[in-house]
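Chain residues, written in single-letter form:
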Amino acid sequence: MADFDAIYQDETDPEENIEETHVTLVPDPIVVRGAGNMTVFGLSNRFHGEFPSGLQSRVAPEEYQATVARINSVLKKTLPVNVKWLFCGCMCCCCTLGCSLWPVICLSKRTQHSLNKLLEWENSRLYNKLGLRWRLTKQHCDSSSMMEYVLLIEFIPKIPIYRPD
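Identification of the protein as Golgin subfamily A member 7/ERF4 domain-containing protein from Pieris brassicae is taken from an unreviewed UniProt entry. The heading Subcellular location (unreviewed entry) in the UniProt record of the protein holds the text "Membrane".

The structure is reproduced here in structure tokens:
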């Protein structure tokens, strides 16, 4: 009973319990905002082709501009149709009790889907190999509480591979 309150020294080596921890610092993602003069359901009609300084020494400016040009070509093909349907939907909205806006919503989803497919293709072709990932995401506008779609370029951390000797 006397040993019940006794405190014993731990006889294990303190260096044995320390695990190797690798901390990788990942920079903040780069946000590319829409630069067009027309926005339909948060999706701008074009994005800036200006090369961000955070991508220097990671990606060639020509590759970046080619990717943005591909994205802008998809937007150039799809958004004018969306605007026409939006105009028609707004004109007929009172008569159809809002049902005339459904084609615009479906076309907007289709545009987002085609942009996501394009970005997946670009990521698998080039950017994943460089440790980058492009995504189309919603973010709050700077000046208001409205949402807009932006291109987000994330840095993928490289995980070190542990190889025992």
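A. Focus on helix H3 (residues 102-127). The end-to-end C-alpha separation of H3 is 35 Å, in line with the 38 Å expected for 26 residues at 1.5 Å each. On the buried face of H3, the contacting elements are strand S3 (43-44), helix H1 (61-91), strand S4 (132-140) and strand S5 (147-155).

B. Local environment of the nonpolar core. With 26 residues, the main nonpolar core has Tyr64, Ile71 and Trp134 as its most contacted residues. Elements supplying a minimum of two residues to this core: strand S1 (30-32), H1, H3, S4 and S5. Of the residues forming this core, the biggest block, six residues, is contributed by H1. Residues contacting isoleucine 71, with those up to four places away along its chain left out, are Phe47, Leu115, Leu118, Leu119, Trp134 and Leu151.

C. Representation of the pattern of salt bridges in the model. According to the stated counting rule, one finds six salt bridges in the structure shown. Residues arginine 70 and glutamate 122 are paired through a salt bridge, measuring 2.5 Å at the closest nitrogen-oxygen approach. Note that arginine 70 is positioned in helix H1 and glutamate 122 in helix H3, a separation of 52 residues in sequence. A relative accessible area of 29% places arginine 70 in the partly exposed class. Between arginine 125 and glutamate 122 there is a salt bridge, with its nearest N and O atoms 3.0 Å apart. Of this pair, arginine 125 and glutamate 122 both sit in helix H3, three residues apart, which is roughly one turn of that helix. With relative accessibility at 0%, the residue glutamate 122 sits in the buried group.

About the thresholds
Residues numbered from 1 in each chain as written. Predicted model: local features only at pLDDT ≥ 70, side-chain atom pairs only at ≥ 80, totals over all residues. Heavy atoms only, no water. UniProt positions renumbered as here; feature names shortened; annotations may be inferred. Helix = DSSP H or I, 4+ residues; strand = E, 2+ residues; numbered from the N terminus. Expected span 1.5 Å × (residues − 1). Contact = heavy atoms within 4.5 Å. Core = buried A, V, L, I, M, F, W, Y, C linked by side-chain atoms within 4.5 Å. Buried < 20%, exposed > 50% of the residue type's maximum accessible area, 1.4 Å probe, protein only. Salt bridge = Lys/Arg side-chain N within 4 Å of Asp/Glu carboxyl O.

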